[in-house]
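Okay, here's what each chain looks like letter by letter:
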Amino acid sequence: MPNSMWHQCLEVLRDEFPAQQFNTWLRPLQSDLREGQLMLFAPNRFVMDWVNEKYLRRIEEVLKDLNGGQAPRVQMKVGSAPRESEPVVRSVAEPKPASLADEIGQRVTEEEKSVAATVAGSTSAGVSRSAQKINGERRPVQVEGDIKHQSFLNETFTFETFVEGKSNQLARAASMQVAENPGGAYNPLFLYGGVGLGKTHLMHAIGNEIVRRNPKAKVAYLRSERFVADMVKALQLNAINEFKRYYRSVDALLIDDIQFFARKERSQEEFFHTFNALLEGGQQVIVTCDRFPKEIVDMEERLKSRFGWGLTVMVEPPELETRVAILMKKAEQANVKLSSEAAFFIAQKIRSNVRELEGALRLVIANAHFTGSEITPPFIRESLKDLLALHEKQVSIDNIQRTVAEYYKIKVADLLSKRRTRTVTRPRQVAMSLAKELTNHSLPEIGDAFGGRDHTTVLHACKKIVELQETDPGIREDYQNFMRLLTT
Ligand SMILES: Nc1ncnc2c1ncn2[C@@H]1O[C@H](COP(=O)(O)OP(=O)(O)OP(=O)(O)O)[C@@H](O)[C@H]1O
């Protein structure tokens, strides 16, 4: 049985199980084939027990099919597969000594220097976004020497203020477990999903809960840009050891939006060592990202594979009922009476993400406050008229599918089917890519709209079409035609 059998098996399972289940339980498994026995390695006992109970039978069936009807022996273990080809991971030792000039000059990329300059300054858009995010935050964790570790927890982001729904149930449960038992079974905890869906909220909720249970706990929260900026500054000030000491001394390290580490090689290396040190010390690491670890581009493989050692959970866009519940909760927090009819009306109109939902509610409340009006559906329509006009102008996935099918003379049903012939796959990829570019839908939503495909398939389609537009004039022309047809 060739070793790639496990990958083929994963491909089959990917189509059978919902993306969240697949990514949480099956994708992190590593395989090792020895003497006809397939050993599956799970990142922790929890995942191993769960897979054993829920998926092992199906895994064995699929492997049997793929192996010409012969059932291989499958065993499970906690750990990671031995990798002959991969260099032995350096332990938590400090990175090899280098002169300061060497460290700054050679290993810190231009990108890192520019992040450092931007975060240190205060005028860029990036900074205003972080400034917005830390609005209302308190509880600085520690200020040490020349390097100010600006680690704040937002007190309002707690489990109590987080509304649970189908879309975030697993992420919330895992976060709760981590808060109750930091450094335990789910280490690291990797939360991922689209913008404004509550990843940061959950991360702070964990931090706040850890501190509530143990007021002496040292919890450091920071956006990844801050880590980059601190590191560059530490190198410039010849204080890298202090930097290392600080980040390795915390009980829980919370790094938000890790995707910004892309191309920041020195930061990745530094984080890798910090990460290992914390994991070995039984300290908790929590990371958020806008995508699944393996899909982060320009990130070292060894770091991506570490992210999968604990538990990786997706936060999905909330469905209608959860959006309504979130609005009711936010209104209650603002001491505003919001009827369920009004909440329902807003939730039906604003579907993209929770941040936008909150923004819409804020606008409605402000208008009601200034005009002294009651919040009714007609009042909401008037208050949100510009925002709604923008949403209505947006192209729908349906529309894209119809236009693409008509253009290529195929059926919409073909686009949604499992057929993989060239005449269907290329138009399907074009349509997915257009849906990503022209609508506000998340990758999982687009995947769902194309016959329940995984979000990674959508991502692959988008990348492929970008690539083809460079190399294939036919596709470039088609794409331009679609943009014209759909947007004018
Ligand atoms: N389930 C929820 N219940 C209550 N509030 C929520 C929920 N989900 C998101 N929010 C609110 O939505 C806003 C945006 O959430 P948050 O900043 O956590 O998103 P994010 O996923 O980290 O986005 P980004 O990737 O852009 O950083 C916050 O004000 C947060 O409180």
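Residues numbered from 1 in each chain as written. Predicted model: local features only at pLDDT ≥ 70, side-chain atom pairs only at ≥ 80, totals over all residues. Heavy atoms only, no water.

The protein goes by Chromosomal replication initiator protein DnaA in an unreviewed UniProt entry, where it is assigned to Marinobacter nauticus. Quoted verbatim from the Subunit (unreviewed entry) field of the UniProt record, the comment on the protein reads "Oligomerizes as a right-handed, spiral filament on DNA at oriC." Among the UniProt annotations of the protein, the heading Subcellular location (unreviewed entry) holds the following wording: "Cytoplasm". (UniProt positions renumbered as here; feature names shortened; annotations may be inferred.)

S.K.: Looking at this structure, I do not really get the site of the ligand. What am I missing?
M.R.: Taken together, 21 residues sit near the ligand, with G196, K199, T200, H201 and E358 positioned nearest. G196 is positioned such that a nitrogen or oxygen atom in its backbone is 2.8 Å from an oxygen atom of the ligand. T200 places a side-chain nitrogen or oxygen 2.4 Å from an oxygen atom of the ligand. Looking at the shell around the ligand, the elements that each hand over two or more residues are α7 (125-133), α9 (199-213), α14 (320-333) and α16 (354-371). Considering only residue class, the shell around the ligand consists of seven nonpolar, seven polar and seven charged. Split by domain, the shell around the ligand shows at least three residues from each of two domains, domain 2 (166-312) and domain 3 (318-392). (Near = heavy atom within 4 Å. Polar contact = N/O pair within 3.5 Å; in protein donor to acceptor, adjacent residues only side chain to side chain. Helix = DSSP H or I, 4+ residues; strand = E, 2+ residues; numbered from the N terminus. Nonpolar A, V, L, I, M, F, W, Y, C, P; charged D, E, K, R; others polar. Domains from an automatic or database assignment.)

S.K.: Help me out: how do you make sense of the sheet that holds strand β6 (residues 189-192) in this one?
M.R.: As summarised here, the arrangement of the five strands in space is β7-β8-β9-β6-β10, forming an open sheet in which the pairing is parallel. Two strands in the sheet have a free side with no partner beyond their single neighbour: β7 (219-223) and β10 (311-314). With strand direction ignored, the average angle separating the axes of adjacent strands in the sheet is 15°. In this sheet, strand β9 (residues 284-289) lies alongside strand β8 (residues 252-256) in parallel orientation, the contact comprising four bridges. By the bridge assignment for β9, I255 is matched with V287. Its contacts with the sheet place helix α10 (residues 224-236) against β7 and β8, and it is angled at close to 95° to β7. (Pairing = 2+ DSSP bridges. Axes fitted to C-alpha atoms, helices over the stretch in contact; angles between N-to-C directions. Contact = heavy atoms within 4.5 Å.)

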